[in-house]
Amino acid sequence: TMATAQLFEEPFDADEYIERLAWRTPGGGSKGGAEAFDPKRLLEEFVNHIEELKQLDEIIQRKVEKLEQQCHREAKEFAHKVQDLQRSNQVAFQHFQELDEHISYVATKVCHLGDQLEGVNTPRQRAVEAQRLMTYFNEFLDGELRSDVFINPEKIQEAADIIQKLHLIAQELPFDRFADVKAKIASKYHDLERQLIQEFTSAQRRGEIGRMREVAAVLLHFKGYAHCVDVYIKQCQEGAFMCNDVFQDTASLCQRVSKQVGEVFCSPETVMAKLIQSIFENKLHAHVKEKLDEARQSDVEQYLINLYDLYSRTTLLTAQLIEFNLGTDKQTFLSKLTKNIFSSYLESYIDMERQYLQNRSAMILQRFYDSKHHQKRPVGTGSIQELKERIRQRTNLPLGPSIETHGETFLSQVVVVNLLQETRHAFERCHKLSDPADLPKNAFSIFLLLVEHLCVDYIDYALEIGLSAIPSADAKNANLYFLDVVQQANTIFHLFDKQFNDNLMPLISSSPKLTECLHKKKEVIEQMEVKLDTGIDRTLNCMVGQMKHILATEQKKTDFKPEDENNVMIQYTTACAKVCAYVRQQVERVRKSMDGKNVDTVLTELGVRFHRLIHEHLQQYSYSSMGGMLAICDVAEYRRCAKDFRVPLVLQLFDTLHALCNLLVVAPDNLKQVCSGEQLTNLDRNLLHAFVQLRVDYRSSRLGRHFS
């Protein structure tokens, strides 16, 4: 096969090329095919083919050289062409620059010519305008208007422009010579002005925004432009206030006409401001006056509710209206409108609020006492009875009988909630209706009324009555209602404190009045705490008195010196059982009546007094061996009872007392060892000795010798 360039087209694979060549040669295949494999023929074929390839390479090489020469020649020609084009471009650019300079020169000349023409044309136009106005002026001078512009109704805008200019000219003319013509021009001026306003009104009724805009633009130069705006504002409001909510109607109206005002008038902010002013001074003011003036005389509560509601809704409305284009100082403008409506009511607001709160609170309290059929007793009058009561409260001297309240605490959460609710409403109104500068002072005055009625007239009075009702310490089977007073007073304190933090603090937190308020609150609570402490102390005395009474009536001397030492069946004495039952009942009452640390404080005090009583009680008896065992059993029961206190100190005291009682039964020889025990080693020797002396065998056994 002749070697040709087509055989080497991409993709070219040398191995495949050799394989094809060998396969085409007779006897050259790998298997030999039909003929046997002939290496000589194959070699010969390869040698011939290599020669052909060499010839092909020479042919291709000549072609390449020829093409390279042609390419080099064409490159030179192209370079010459580019140089020629660059020279042509340079020439064209120079022509362009010359042309540009020429155009600039011509333009300068044209501008200069334009200026000259304008300099000539402006005076000419003025002269033409003056001549035209003089022609029209002559018609007024003659008294006969002949020009079409004055006769044709469709040319009213052109006529208006002429009359407006003639009117200005007429004002400059001397009155004595031109009185008649001045009057005619003025008459025509007012006539056209009236017609334009009528035209504007008609266009507004038809909803023709374009026509309204044209007429408004003409009227802008007339004195009646303001009247045109007034007419627009009046017509806007026709039928706009139909749903008995003047605030909602106002917002809707302004929203509706805002876009229209922008399209019709060249200064929309002035028109919108005037519209809002008109609504505030007429509709809103009348609405507020109607709602407040009648209630002011007849129903103060309704008056205050209405004032708060109306003022809140007005401020909400101004917040909506501030979104519209009303000029630069919108906030001041709207605040002034609001102030004009409410100033007379806001000036007297706090006095009416305080008077209402004073009367309302007094009425709530009076209604409560009436429901209890209770006539309030004067407290702190300085009478002899008062003095007796004070002495009786602070001592345990029986200065006449205590008051019987039959369990009535004279405290009710319903009354407290009513008082706090009235005060909360007052704080809300005060926050909204007070001038920011007066807010802390006004809020403080409301707080003082709350203190007066809730703390002094109500809680403090209930504490006084509660104190008077506490029986003397030696009263038998007395009902101790003062703990119920404590429980309710405690709940009320929490409610009072919550209102102080939630409603008053935000109004005074950044003012000097804060210190004054906190001081007043602290002072009031401390005064009441003194009375609570006094009452609790005297109640504890009564409890101890009742325990004494039980022990005195139930404990017999034979309890601790039984006649038959060998036949004692009881675990502890009846007196002990009754005292423990009474104490457990009182501990439970204390837990119900108080909360927090107060429970532990009061139970600690009761526990200490309980221990002291039992300690002193046990020292009144002599103890046989079996009697000592019974005393230990009693103290063990008292100790079990002391666990209910959940106060470590009280339990410790009864542990020590239990250890002391061991001295009543221990063998004489072991006394020293027992006294050196962990619980007794730190006690006073005289106290230990006093307990040892209670033993029946003290003298006979010469225990004193063992003890020393």
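Parameters and conventions
- Residues numbered from 1 in each chain as written.
- Predicted model: local features only at pLDDT ≥ 70, side-chain atom pairs only at ≥ 80, totals over all residues.
- Heavy atoms only, no water.
- Helix = DSSP H or I, 4+ residues; strand = E, 2+ residues; numbered from the N terminus.
- Buried < 20%, exposed > 50% of the residue type's maximum accessible area, 1.4 Å probe, protein only.
- Contact = heavy atoms within 4.5 Å.
- Areas by Shrake-Rupley, 256 points an atom, 1.4 Å probe, with all protein chains shown as cover.
- Axes fitted to C-alpha atoms, helices over the stretch in contact; angles between N-to-C directions.
- Parallel < 35°, antiparallel > 145°, perpendicular 65-115°, else oblique.
- Left-handed = near helix turned anticlockwise from the far one by under 90°.
- Nonpolar A, V, L, I, M, F, W, Y, C, P; charged D, E, K, R; others polar.
- Salt bridge = Lys/Arg side-chain N within 4 Å of Asp/Glu carboxyl O.
- Arc of directions from axis to C-beta.
- Patch = residues over 30% accessible without salt bridge, like charges linked within 9 Å, V, L, I, M, F, W, Y side chains within 5 Å.
- Core = buried A, V, L, I, M, F, W, Y, C linked by side-chain atoms within 4.5 Å.
- Polar contact = N/O pair within 3.5 Å; in protein donor to acceptor, adjacent residues only side chain to side chain.
- Phe/Tyr/Trp six-rings, centres within 6.5 Å; stacked < 30°, edge-to-face > 60°.
- Expected span 1.5 Å × (residues − 1).
- Bend = angle between axes of the 7 residues up to and from the residue.

Draft legend 1. A look at the overall build of the protein. Within the protein one finds 24 helices and zero strands. Burial statistics for the protein: of 708 residues in total, 39% are counted as buried. Of the contacts formed within the protein by residues at least 6 apart in sequence, a portion of 75% connects residues at least 24 apart. A total accessible area of about 41,400 Å² is found for the protein, and carbon and sulfur atoms account for 52% of it.

Draft legend 2. Structural detail: the packing of helix H9 (residues 268-298) against helix H10 (residues 300-321). Direction vectors running N to C along H9 and H10 enclose 165°, while the axes themselves pass 7 Å from each other. Our classification of the angle between H9 and H10 gives roughly antiparallel. Relative to H10, the crossing made by H9 is right-handed. Contact residues: H9 offers Ile276, Phe280, Leu284, His287, Val288, Lys291, Leu292, Ala295, Arg296 and Ser298, while H10 offers Val300, Gln302, Tyr303, Asn306, Leu307, Leu310, Thr314, Leu317, Thr318 and Leu321. Its residues placed into classes, the contact of H9 with H10 shows twelve nonpolar, six polar and two charged.

Draft legend 3. View of the pattern of salt bridges. Throughout the structure, instances matching the rule amount to 30 salt bridges. Between Lys521 and Asp497 there is a salt bridge, and its shortest N-O distance comes to 2.4 Å. Taken together, the residues Lys521 in helix H17 (residues 513-554) and Asp497 in helix H16 (residues 482-508) connect sequence positions 24 residues apart. A relative accessible area of 13% places Lys521 in the buried class. Accessibility expressed as a relative area gives 27% for Asp497, which makes it partly exposed. When the shortest N-O distance is used, the salt bridge between Arg695 and Asp697 registers 3.2 Å.

Draft legend 4. Structural context of helix H6 (residues 209-219). If you check which residues of H6 are buried, you get Met212, Val215, Ala216, Val218 and Leu219. Buried residues of H6, viewed axially, fall in a sector of 160°; they line one side.

Draft legend 5. How the structure looks around a nonpolar patch on the surface. Taken together, Tyr105, Val106 and Val110 make up a surface patch of nonpolar side chains, about 290 Å² in accessible area. Using a relative accessible area of 39% as the deciding quantity, one classes Val106 as partly exposed.

Draft legend 6. Structural context of the packing of helix H14 (residues 413-433) against helix H15 (residues 439-469). Interhelical geometry of H14 versus H15 gives an angle of 170° and a closest axis separation of 10 Å. When the interaxial angle is binned, H14 and H15 end up roughly antiparallel. Only Leu439, Asn442, Ala443, Ile446, Phe447, Leu450, Leu454 and Tyr458 of H15 make contact with H14, whose side of the interface consists of Val415, Val416, Leu419, Leu420, Thr423, Ala426, Phe427, Cys430 and His431. A breakdown of the residues in the contact of H14 with H15 according to their chemical character gives 14 nonpolar, three polar and no charged.

Draft legend 7. The nonpolar core, seen in detail. Core analysis: the biggest nonpolar cluster contains 162 residues, and Phe265, Leu454, Tyr458, Met547 and Phe610 have the highest contact counts within it. Take this core: its biggest share by element is 17 residues, from H15. Apart from the residues lying within four places of it in its own chain, the contact partners of Phe265 are Phe200, Ala216, Tyr225, Val229, Tyr232 and Val271.

Draft legend 8. Focus on the side chain of Asn306. Looking at the element boundaries, Asn306 is found in helix H10. In this structure the side chain of Asn306 is engaged in a polar contact, spanning 3.4 Å, whose partner is the backbone oxygen of Lys291. Apart from the residues within four sequence positions on either side, Asn306 is in contact with Lys291, Leu292 and Ala295.

Draft legend 9. Spatial organisation of the packing of aromatic side chains. This model, assessed by the stated rule, comprises 15 aromatic pairs. Aromatic side chains Tyr232 and Phe265 sit 5.2 Å apart centroid to centroid with 75° between the ring planes, which places their arrangement in the edge-to-face category. Placement of Tyr232 in helix H7 (residues 225-237) and of Phe265 in the loop between helix H8 (246-264) and H9 is noted, with a sequence separation of 33 residues between them. By the burial criterion, Tyr232 is buried, and Phe265 matches it. Between Phe447 and Phe496, the aromatic rings sit 6.2 Å apart at their centres with planes inclined by 20°, giving stacked as the arrangement.

Draft legend 10. Representation of unusual backbone geometry in the model. Backbone geometry places Phe410, a non-glycine residue, at a positive phi of 60°. By the element assignment, Phe410 lies in the loop between helix H13 (384-394) and H14. For Arg646, which is not glycine, the phi torsion reads 55° and is therefore positive. Within the fold, Arg646 resides in the loop between helix H20 (625-643) and helix H21 (648-661). Residue class for Arg646 comes out exposed when judged on its relative accessible area of 63%.

Draft legend 11. Broad picture of the environment of Tyr572. Of note, Tyr572 is situated in the loop between H17 and helix H18 (574-593). Separated by 57 residues in sequence, Tyr572 and Met629 have C-alpha atoms that sit 9.5 Å apart. If near-sequence neighbours (up to four positions away) are discounted, Tyr572 is found in contact with Ala577, Cys633, Asp634, Glu637 and Arg640.

Draft legend 12. The arrangement of the side chain of Gln555 in detail. Among the secondary structure elements, Gln555 is positioned in the loop between H17 and H18. On the basis of relative accessible area, Gln555 is assigned to the buried category, the value being 7%. Apart from the residues lying within four places of it in its own chain, the contact partners of Gln555 are Ile550, Phe560, Thr573, Ala575, His617, Tyr621 and Asp634.

Draft legend 13. View of H16. Between its first and last C-alpha atoms H16 spans 36 Å; for 27 residues at 1.5 Å apiece the expected length is 39 Å, and the two agree. Along its length, H16 reaches its greatest deviation from straightness, about 35°, at Asn501.

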